[in-house]
Amino acid sequence: MHLLLSLVFSMFSFWLHVSLHFLNPPRRGPAGGGGGGTKSMGFGGLEPDRPEFHFCLCHCGPDSNPRRNYLISPNPESSSSKLGSLICATMDQKIISLAAEKTADRLQEFLQSLKDNDLANLLQNQAVKGKAAGALLRAIFKGSPCSEEAGALRRLKIYICGIHLVESGDLQKEVASEIIGLLMLEAHNFPGPLLVELAREFVGAIEEGSLTNGRSLELLPIILTALVANKENLAYGKGVLSGEECKKQLINTLCSGRWDRQYVIQLTSMFKLLDLVTVPSGELRHVEGTVILHIVFAIKLDCELGRELLKHLKAGQDFSNNICPFSIALLLSVTRIQRYEEQVFDLLKASVVKSFKDLQLLQGSKFLQNLVTQRSCVSTMILEVVKNSVHSWDHVTQGLVEFGFILMDSYGPKKILDGKTIETSSSLSKIPNQHACKLGANILLETFKIHEMIRQEILEQVLNRVVTRASSPISHYLDLLSSIIMYAPLVLQSCSSKVTETFDYLSFLPLQTVQGLLKAVQPLLKVSMSVRDSLILVLRKAMFASQLDARKSAVAGFLLLLKNFKVLGSLSSSQCSQSIGVSQVHVDVHSRYNSVANETFCLEIIDSLRRCLGQQADVRLMLYEGFYDVLRRNSQLANSIMQTLLSQLKQFYEPEPDVLPPLKLEACILTQGDRISLQEPLDYLLCCVQHCLVWYKSRVMPLQQEEEEEEGFYQDLEDMLESVTSRMIKSELEDFELDKSADFSQNSGVGIKNNICASLVMGICEVLIEYNFSISNFSKNKFEEVLSLFMCYKKLSDILNEKAGKGKAKTANKMDSFLSMKFVSDLLTALFRDSTQSHEESLSVLRSSNEFMRYAVSVALQKVQQLKETGHVSGPDGQNPEKIFQNLCDITRVLLWRYTSIPTSVEDLGKKEKGKSISLLCLEGLQKIFSAVQQFYQPKIHHFLRALDVTDNEGEEAEGSVSHRAAFQIRQFQRCLLNLLSQEEDFDSKEALLLVTVLSNLSRLLEPSSPQFVQMLSWTLKICKENSWEDASFCKGLMNLLFSLHVLYKSPVTLLRDLSQDIHGHLGDIDQDIEVEKTNHFAMVNLRTAAPTVCLLVLSQAEKVLEEVDWLITKLKGQVSQEILSEEASSQATLPNHPVEKAIIMQLGTLLTFFHELVQTALPSGSCVDILLKDLCKMYTILTALVRYYLQVCQSSGGILKNMEKLVKLSGSHLTPLCYSFISYIQNKSQSLTCTGEKKGKAPAVATAMARVLRETKPIPNLIFAIEQYEKFLIHLSKKSKVNLMQHMKLSTSRDFKIKGNILDVVLREDEDDNEGTASEHEGQNKEPAKKKRKKEMKCLS
């Protein structure tokens, strides 16, 4: 069966090369010269009848086939065999010594004096004994120049003798490989006729099946290549051919004949080394497709073949490193066989995720990058399969589609909880999972583009998942759907029935899903009349549905239609949500879609939306949030929209100028029995009015001629906003019945009503602040009004925060600010960066209030936080990534200037105000912005950094300057941190931690190979070594920064060793009688920070190093397994592993000294002890894995390195005994804790102590088992390698469970003291409990 599996793997190369050579048949010579001939032409110039040699594979007798084979064996009756060892020792020494001379004259004379069979016997004896066969062979070749006929013939005979030795199987693997390597090098020195003769004899031996083990087939590609390089015309058969033509003729003959089954693997492997592809890649793909079909057909006929195929693939240690696009295509084709479907998909899925995890591991470790070359990712190969499937690979296409959906289903976002997506996996595995999900989407999208027949099925499956998985996150499916429709909306008209069928479920889907779905199908609405009409019908029905979400979905759908159907005369807008491709530019020829028809269509929709103004607050709120975007994209709808807003606002506006307050808040609240709720979101209505009014006045009205009838609406709105502003300033909180005496509890109807009113008033104040600032033109009076409105907002905010009480979330901080992000950017710029002389007086009004400036910065922080959590911000342009990015740049520039110009230490000296200082808020904002930009705008990092540099020269070279620009910003924050560290008395740990976080974010932008990165690492190392602060959070942040930089520069094991020595020095030894010398490598490690802060950090980092080492050992095991399975593997297969092996041993050796320090340290009870025991267990598990790897190496005739012996010695002397001492220390400490709890007599104390004991002692059995397994396999390795590795291992006294006499006496004496005073008649009854107690004590001590 294994042979059958080998045939399957070989079939591809066989079919491929047969097809190639029949597609491009080589030229044949004259008659008689075909294919290597059925009759060998012999080795030109040889004397075939010489008695000393006969040519054979299996010592052919006189009755054997008369063909003269190329393998030589000495004649058993030759006189040379009688010389034996008498002359061999001196002859080979003579030849080697002559070869060492500068000239080869004497060597040639000596070799000519010898008979050919003497040389052959000499070489055979030396090779079998393993004595300097390579040196002897080199010397013979040196003394046999091809320029002389005798030398060329001698060289040919020795070459053939070397081939025979390799085929004989009598040589050690290393000797055979050395001979093969020398023969490969010498092939290029042969003259053309001899090369032809060698090649023809090879082909003849293959045709006859006379090879022994096929090892020499490695030479055939080399000989053919040398033949092509030979420029002379060569006699072949009865004609004359060039070297290239001879090669084609030989290969054609080889492919035309039958191969012995035992050579199939070697021959197909040989073909990989030949440059034979002479056909276009398209034809080659067709050939591959045919091969796949034949293999799948064979598997269908023989189920065992399929099982062996999967078994072989799963057996490899690293499947992802052994596959190629062809093998992936084969596996995907096999999925059409039902019994293998699940197994293959599981195998491919695991391979994809492992590939991404390996990539993540490599990218995060310089140590691994120096040792392992990065192969092409599995995802790249799979996408190449998609690309190749265009060549009639219909049998692969279905598997691709299924696999794409499997990846998206398995690795998409997880379940939603409270409106947020939660991840069940750890953050480390999150990134590979995201990549796997993205790969699934790419597979489906590319397959959709290539294969027309499969499009319907892909679209149906995507839409089915959108509808049926409403309770789970489906953003990845909506993104895929959007990409599909954007690619070819016109093509999708044929599948429109499925889309319209999906619309029927809109009323039952969550609002977020509906919005995503409608946004995705938007391009289709512009080209398909039936789809648009179906959607409108569904939305109109949903408008009157009983479910609130259905009505909200209807509003969302109608708003989307209004945004994207342009009306004649509307302004062109750069904010369109989606661009339409070239394939859609001709859709305007349909009369239904011209601008005039669109206007009627849009006005009908607005009429429908007006009905929403009488529905719940959530529905109205959606309408108010969407009207601004509609107006901006369809300016011709302004009159209808503004009139609608005006009429709605008038319902809640007090027209009398003397009435306070100016708005009817009571009318905004709905009371139904005991239930009180918001009916009219007046703050959102006013926000919509002011944004629409400001935009229209600035963008539309300047382009229009004066039309009095139209200006009336806008003038009315302006007057109303002006009146509301002035009267809101005059109003007191008592006018709203919201003073300090008001009830704001959530338990009473009055309290709920007051909270709703307060929220409305605060929102209205914010809306009016933005409106008045926007129209102020830097008027001092307007700025005074702005400040007055803020004071109203502030008073109410303070009351709400005070009423909320301690331990509860602040109401004011819960609310999203109504200020737009663009306004926040303009406001901050004006407050901190505007130095225009004419603005000085008016801005001084706002700058005089620190509370207002703090408020402005706080809103900026709120917006950035909202961006990080949701990917967008509230307000105008909140969904536009370009606008958000521009605002982020402007805000960052201002905050950066403010923080670096006015440090926290000098801000408002002498003033102690509540809350954070402005500078600290600026720093917090910078930290959030740097994180958000890297999260959402990674491709724009260069533009972001450039926007921060106010001194940027336009002529400066833009390319490759990210590290330089990031380093410039880093230096500013480094100076700030150094200044902060110099203030010993006023050290602010919160600010210091924020600075470290900012430096961590910026350091990720540095290229690890750049000098700026090295400078950053050196600076961080210096800070950690020279500064001693007893603040755990600051220490943790700084050490995390150090490790994150260090792993990208080199392995951190030496760092870990130094830190472990510092921890040991500060915490002391487990043996209290030993005084530990303090090393003080890092001043940051002190008594306060050593444990648990630094200890947990170094243990976590050590665990990562162990994972890297484990990963490397797994790769090495896979390579050795392949070498053992592949009989044709060469000797150089083991040599490249030596650097990796040495690196692994060095890592483990240094980690061993790290653990050597920690197991002697008196660590406090808790997480440090628990994690140390687990890491020690992992250390021994990996040491065991390394030992098992060397068992494999020894099995394949390899040996162990000297460094490995040293590592084993070190583990036996410096770690294992100390591990058992540490275990005893933990057990004794746990016993004392339990006893202390019992003496106190408090049940909670006893329970806590017992829980801690159980937690800390639970890993101990696992550690002991890991140590024993390590020693067990060391014994096996000692036997295999013939090296005594157990001489440094000692049996631990902690495992022999012997009774310690001195401790037993103490326990017995204590027992006797407890029993004093007991009556003598009860003596017999008291003995039994005492025995139980002793047993218990003994068990505990042992």
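Above: the structure in question.
A few points on the structure. (Residues numbered from 1 in each chain as written. Predicted model: local features only at pLDDT ≥ 70, side-chain atom pairs only at ≥ 80, totals over all residues. Heavy atoms only, no water.)

Another point: the environment of K272. The residue K272 is located in helix α12 (residues 264-272) in this model. For K272, a relative accessible area of 64% gives the class exposed. Sequence-wise, K272 and P221 are 51 residues apart; in three dimensions their C-alpha atoms are separated by 9.2 Å. (Helix = DSSP H or I, 4+ residues; strand = E, 2+ residues; numbered from the N terminus. Buried < 20%, exposed > 50% of the residue type's maximum accessible area, 1.4 Å probe, protein only.)

What the rule picks out here adds up to 34 salt bridges. Salt-bridge contacts for D877 lead to R632; the nearest nitrogen and oxygen are separated by 2.2 Å. Here R632 lies in helix α28 (residues 617-633) and D877 lies in the loop between α37 (850-870) and α38 (881-901), a separation of 245 residues in the sequence. Taken individually, D877 and R632 each receive the classification buried, so the pair is uniform in this respect. Of the charged contacts, one joins E851 and K794 as a salt bridge, the two residues approaching to 3.9 Å between their closest N and O atoms. Placement of the pair is E851 in helix α37 and K794 in helix α33 (residues 780-804), with a sequence separation of 57 residues. E851 gets classed as partly exposed once you look at its relative accessible area, which sits at 33%. K794 sits in the partly exposed class, given a relative accessible area of 21%. One salt-bridge network, in which partners are shared between bridges, spans K563, D629, R632 and D877. (Salt bridge = Lys/Arg side-chain N within 4 Å of Asp/Glu carboxyl O.)

Pairing between strand β7 (residues 669-672) and strand β8 (residues 675-678): four bridges, direction antiparallel. Each bridged residue has a counterpart across the sheet, and for T671 the counterpart in β8 is I676. (Pairing = 2+ DSSP bridges.)

As a further point, take unusual backbone geometry. Note: most residues except glycine have negative phi, and most peptide bonds are trans. Cis geometry marks the peptide bond from L660 to P661, where omega comes out at -10 degrees. Looking along the chain, the bond that leaves A1091 and enters P1092 is cis, with omega of 5 degrees. By secondary structure assignment, the location of P1092 is in helix α46 (residues 1090-1125). A positive phi angle, close to 60 degrees, is found at N1080, a residue other than glycine. Judged by its relative accessible area of 52%, N1080 falls in the exposed class.

To continue, consider α28. A rise of 1.5 Å per residue sets the reference length of α28, with its 17 residues, at 24 Å; its end C-alpha atoms lie 25 Å apart and thus fit the reference within 8%. Of all the bends in α28, the greatest measures close to 30 degrees and is centred on G626. Where burial is concerned, most of α28 is hidden: 14 out of the 17 residues are buried. (Expected span 1.5 Å × (residues − 1). Bend = angle between axes of the 7 residues up to and from the residue.)

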